[in-house]
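Fold and contact review
This is what each chain is made of:
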Amino acid sequence: MKRPTLEAVAARAGVSKSSVSRVVNGQDTVTPEIRELVLRAVQELGYVPNPAARSLVTQRTDAIAMIVSDPPAGLVSDDPMFSAVVRAASRELETAGKQVVLMIAGSAESHRRVQRFVSAGHVDGVMLVSMHGADPLPAALARLGLPMVSHGRLTMPVDVPFADNDNLGGATQAVRHLLDRGRRRIATISGPLDMPASQDRLTAYRDTLRGTGRRSIVAIGDFTRASGAEAMRQLLQDDPALDAVFAANDLMAVGALRALREAGRRVPDDVAVVGYDDIEAALYTDPPLTTVRSPMDEQAAASARLLLGLLEGGPADPVILPAELVVRESA
C-alpha cells in the first residue's frame, strides 16, 4: 500500500495543500474548522509526515544531542547515577516529541565528531552531562549558537543554563550530622576537583568544620569504588585515630566501607561513614549507608524541561533542587 501523501490528505479534507502543511507542522494560522477537517483526514488515511520534508518547513529536526564527557577510564558510564540521568532526561524529552541522540565525548577525536554532528544541523539543542573543568567542548558548542543546557553547573566560563542539586547544602547536612554525633576526627573523600559537585562538597566540608577546632583531613578520589577504598586506606595511614568519613559519592563510600572492614574497623562504632547520592546499593551495604539524597532523576528532568523551554524562547534561569540527609546505620 502506498504511503498517503499531503495531496491525498488535502483532497480528503477538501482544503488546500498549504492548509494541510500548516496544520501538520503545528502552525496556528488556520481556522479551528479547517484544523479539525485536516486532523480527521490525517487519522482516516493514516498519514505520517515525511521527517525530511517537515524539517525543511519547520527548520527543526526534533532531535536533541545528550553529550556525556566520559574520561578514558569510563567513570561516568560505570556510575548507576548515569543511567538514572539518561533515563529521566530521555523520558522528558521523548514525551515532548524529541528524539534523543546519546553521544560520548571522551577524546579529542570524539570532540571533533560531536562538533561536526551538531554544526551540521542534525539536532535542535544540546544537553551536556558530567562535564569536567578543563573540557573545551562546552565553549566550542556554545559558539554554534544552538540552545544548550548543562546537567550540573559548569566550572568553565561559558554562559550555559543548568539544573543542579544543592551540593553545598547537602554536604553541609552530612558533616553537621557527624558533628552532632560527637565525632572528633572527621575526614572526607573528595571527588575529582575539576568537577563543580566535588568542589562544592569539599567547600561545604571545610566550611562546616571551620571554627569547631577540628582540622580538615582530605583524600581525593575519582567517584569510583576502587578510589574510595584506596583513599580510605590512605586516610587511615595518615590519621589512624579518625572516627568519621564523609565520601563525596556513594560509590566511594562503598569502597571506604570495604577498606575499613579490611582494616578491622567497625562501622559505625569505630568510624562513621556518610555518602552522597542515595543510590540503590546504599540500602544493601553492611551496614546500610547514611547518605545525602540528591534528586538526580528530578534534576535530569529539570534540565530537559529547561532545554525545551529554551527551544520555545523561554527563560534560562538556573534550577537548584534541594538535597536531603537520609540517616541509616553507618552513621
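A short tour of the structure in this document, coming up. (Residues numbered from 1 in each chain as written. Predicted model: local features only at pLDDT ≥ 70, side-chain atom pairs only at ≥ 80, totals over all residues. Heavy atoms only, no water.)

**A short note on unusual backbone geometry**
As a reminder of what qualifies: Under the scheme used here, helices are H or I runs from DSSP no shorter than 4 residues and strands are E runs no shorter than 2 residues, and both carry numbers assigned from the N terminus. Buried, partly exposed and exposed residues are distinguished by accessible area as a fraction of the type maximum, computed with a 1.4 Å probe on protein chains only: under 20%, between the cut-offs, and over 50%, respectively.
Residue Pro268 is bonded to the preceding Val267 through a cis peptide linkage, with omega at 5 degrees. Inspection of the secondary structure puts Pro268 in the loop between helix H11 (250–262) and strand S9 (272–274). Here the bond from Asp286 into Pro287 is cis, since omega is 0 degrees, no more than 30 degrees from zero. Looking at where Pro287 falls in the secondary structure, it is placed in the loop between S9 and strand S10 (291–293). Residue Phe223 is not a glycine yet carries a positive backbone phi of 75 degrees. Mapped onto the elements, Phe223 comes out in the loop between strand S7 (217–220) and helix H10 (225–238). On the basis of relative accessible area, Phe223 is assigned to the buried category, the value being 16%.

**Let's talk about the packing of aromatic side chains**
Selection rule: Aromatic pairs are defined between Phe, Tyr and Trp rings, using the six-membered ring for Trp, whenever the two ring centres lie within 6.5 Å; interplanar angles under 30 degrees are classed as stacked, those over 60 as edge-to-face, and all others as tilted. Look at NZ for Lys and CZ for Arg. If either is within 6 Å of the ring centre and within 35 degrees of the ring normal, a charge sits over the ring.
Under the definition given, this model contains zero aromatic pairs. A cation over a ring is seen here: Arg201 above Tyr276, with NZ or CZ 3.6 Å from the ring centre.

**Topic: the sheet that holds S9**
Put simply, the rule is: By definition, two strands form a pair when at least two bridges between them are found by DSSP. Interaxial angles span 0 to 180 degrees and are taken between N-to-C directions of axes, which are lines fitted to C-alpha atoms, for helices over the stretch in contact.
In spatial order, the strands read S7-S6-S8-S9; together these four strands make up an open sheet with parallel pairing. Among the strands making up the open sheet, the edge pair consists of S7 and S9. Direction aside, neighbouring strands of the sheet carry axes that sit 20 degrees apart on average. Note: strand S6 (residues 186–190) against S7, four bridges, orientation parallel. Bridged to Thr188 within S7 is Val218.

**Some remarks on the layout of surface pockets**
Note the following rule: Grid points spaced at 1 Å and placed over the protein atoms alone form the basis of the search, with a cavity being a set where a 1.4 Å probe fits but cannot get out and a pocket an open set showing protein on both sides within 12 Å along at least five of seven lines. Lining residues have an atom within 4 Å of a point. Grid points are joined across faces, edges and corners, and a volume is the space filled by probe spheres set on the points. Each residue receives one of three labels: charged for Asp, Glu, Lys and Arg, nonpolar for Ala, Val, Leu, Ile, Met, Phe, Trp, Tyr, Cys and Pro, and polar for the others, Gly being one of them.
Of the pockets and cavities examined, the largest pocket occupies roughly 270 Å³. The biggest single contributor to the lining of the largest pocket is helix H5 (residues 80–95), with six residues. Here the lining of the largest pocket is built from residues that sort into eight nonpolar, one polar and eight charged.

**A closer look at the pairing of strand S4 (residues 148–151)**
Selection rule: By definition, the crossover connecting two strands over a helix is right-handed if that path, from the first strand to the second, turns clockwise as seen with the strands pointing away from the viewer.
Where burial is concerned, the two faces of S4 agree: the one with Met148 and Ser150 and the one with Val149 and His151 are both buried. Where strand S3 (residues 125–129) and S4 come together, four bridges link them in parallel fashion. Within S4, the residue paired with Val126 across the bridge is Met148. The β-α-β motif built from S3, the intervening helix H7 (residues 137–142) and the parallel element S4 has right-handed crossover chirality. In terms of strand pairing, S4 meets strand S5 (residues 162–165) through two bridges, oriented parallel.

**Concerning helix H12 (residues 296–311)**
Put simply, the rule reads: A helix is expected to reach a length of 1.5 Å times the quantity of its residues less one. Two residues qualify as a contact provided that any one of their heavy atoms is within 4.5 Å of a heavy atom in the partner residue.
With 16 residues, H12 should reach 22 Å at 1.5 Å per residue; the first-to-last C-alpha distance of 23 Å fits that figure. Among the 16 residues in H12, 12 count as buried, and that is most of the element. Buried-residue contacts for H12 involve strand S1 (63–68), H5, S3, S4, S5 and strand S11 (319–321).

**What to know about the side chain of Thr188**
What counts is decided by this rule: Under this definition, polar contacts are N or O atom pairs within 3.5 Å; protein pairs additionally need one hydrogen-donor-capable and one acceptor-capable atom, and for neighbouring residues in sequence, both atoms have to be side-chain atoms.
Within the secondary structure layout, Thr188 lies in strand S6. Looking at Thr188, its side chain comes within polar contact range of the main-chain oxygen of Phe246, at 2.8 Å.

**Let's talk about H10**
Compared with an ideal rise of 1.5 Å per residue, which puts 14 residues at 20 Å, H10 spans 20 Å between its outermost C-alpha atoms and is within 8% of the ideal. Buried within H10 we find Ser227, Gly228, Ala229, Ala231, Met232, Leu235 and Leu236. Here the buried face of H10 lies against S6, S7, strand S8 (244–247) and H11.

**Observations regarding empty space enclosed by the protein**
For the coordinates displayed, the defined rule picks out one cavity of 30 Å³ or more. Within this model, the largest cavity holds a volume of roughly 530 Å³. Lining the largest cavity are 30 residues, with Ser130, Met195, Ala197, Phe223 and Met296 positioned closest to its centre. If you list the elements that add at least two residues to the lining of the largest cavity, you get H5, S4, S5, helix H9 (196–209) and H12. Tallying contributions element by element places H9 first for the lining of the largest cavity, with four residues. Along the lines of polarity and charge, the residues of the lining of the largest cavity split into 14 nonpolar, 10 polar and six charged.

**A look at the nonpolar core**
Inclusion rule: We call a set of buried Ala, Val, Leu, Ile, Met, Phe, Trp, Tyr and Cys residues a nonpolar core when their side-chain atoms join them within 4.5 Å.
Leu178, Ile189, Met232, Leu235, Val245, Phe246 and Val273 are the most contacted members of the largest nonpolar core, which has 45 residues in total. The biggest single contributor to this core is H11, with six residues. Met232 has contacts with Ile189, Leu242, Val245, Ala256, Ala259 and Leu260, leaving out every residue within four places of it along the chain.

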